[in-house]
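Residue-level structural notes
Spelled out from the first residue to the last, the chains are:
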Amino acid sequence: QLQLVESGGGLVQPGGSLRLSCAASGFTLGSYAIGWFRQAPGKEREGVSCISKSGGRSNYAESVEGRFVVSRDNAKNMVYLQIRSLKPEDTAVYYCAAKLADQDMCDMRRAYEYGYWGQGTQVTVSS
């Protein structure tokens, strides 16, 4: 019954913005670090961002640094990924994933450590 559900994807022109949402149910979100990952056709899954369980720490891949902002509202069991200045190379299915955390840190480089995954939401950047 542990679930993560992404939403907010869509078709956007280059330079546009989107906010992706990740709704959690069945567990206490405040005990988990959350990672955002994406996978484009023909490419490996890539970690793009993560946020620690309290929201006090976050990390970003260099490819999205300065354009993506991750945030969370543990009281609402929600995590967000605000994306601006979208580029065609951002086109991918975006997933949120949860990792039980004892420390207030996160790492999106090791996807295998995240035990719970959403179904993904498609982001397409095209003119």
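Structural data are supplied above this passage.
Residues numbered from 1 in each chain as written. Predicted model: local features only at pLDDT ≥ 70, side-chain atom pairs only at ≥ 80, totals over all residues. Heavy atoms only, no water.

A word on the overall build of the protein chain. Scanning the protein chain from terminus to terminus reveals zero helices and 11 strands. A compact globule built from 127 residues should have a C-alpha radius of gyration of about 14 Å, and the protein chain, at 13 Å, falls within 12% of that. When its C-alpha atoms are laid out on the principal axes, the protein chain stretches across 40 × 25 × 25 Å. Expressed as a percentage of its 127 residues, the buried residues of the protein chain come to 44%. Of the roughly 6,600 Å² that the protein chain leaves accessible, carbon and sulfur atoms contribute 46%. (Helix = DSSP H or I, 4+ residues; strand = E, 2+ residues; numbered from the N terminus. Rg over C-alpha atoms; globule rule 2.2 N^0.38 Å. Buried < 20%, exposed > 50% of the residue type's maximum accessible area, 1.4 Å probe, protein only. Areas by Shrake-Rupley, 256 points an atom, 1.4 Å probe, with all protein chains shown as cover.)

Put plainly, two cysteines are in a disulfide when a covalent bond ties their sulfur atoms together. The tally for this structure, following the rule as stated, stands at two disulfides. The disulfide partner of cysteine 22 is cysteine 96, and the gap between their sulfur atoms is 2.0 Å. What sets the handedness of the cysteine 22 and cysteine 96 disulfide is the S-S torsion sign, and at about 70° it is right-handed. Placement of the pair is cysteine 22 in strand E3 (residues 18–25) and cysteine 96 in strand E9 (residues 92–100), with a sequence separation of 74 residues. (Disulfide = S-S within 2.5 Å.)

Take the sheet that holds E3 next. Taken in spatial order, the four strands of this open sheet run E1-E3-E8-E7, and their pairing is antiparallel. If you trace the sheet from one side to the other, it starts and ends with strand E1 (3–7) and strand E7 (68–73), each paired once. Each strand axis lies, on average, 15° off the axis of its neighbour in the sheet, ignoring direction. One ladder, built from five bridges, connects E1 with E3; its direction is antiparallel. Across the sheet, glutamate 6 pairs through a bridge with cysteine 22, a residue of E3. (Pairing = 2+ DSSP bridges. Axes fitted to C-alpha atoms, helices over the stretch in contact; angles between N-to-C directions.)

A few words now on the nonpolar core. Within the largest apolar cluster, 38 residues are counted, with the highest numbers of intra-cluster contacts made by Ile34, Trp36, Val79, Leu81 and Tyr94. When residues of this core are traced back to their parent elements, those giving at least two are E3, strand E4 (32–39), strand E5 (46–51), E7, strand E8 (78–83), E9 and strand E11 (121–125). (Core = buried A, V, L, I, M, F, W, Y, C linked by side-chain atoms within 4.5 Å.)

For the rest of this paragraph, the subject is unusual backbone geometry. In the Ramachandran plot, asparagine 77 falls in the positive-phi region, its phi being about 55° despite a non-glycine side chain. By the element assignment, asparagine 77 lies in the loop between E7 and E8. We note that serine 85 has phi near 50°; this positive angle belongs to a residue other than glycine. Locating serine 85 in the fold gives a position in the loop between E8 and E9. For serine 85, a relative accessible area of 29% puts it in the partly exposed group.

Don't take any of this as a statement about function, it's just geometry.
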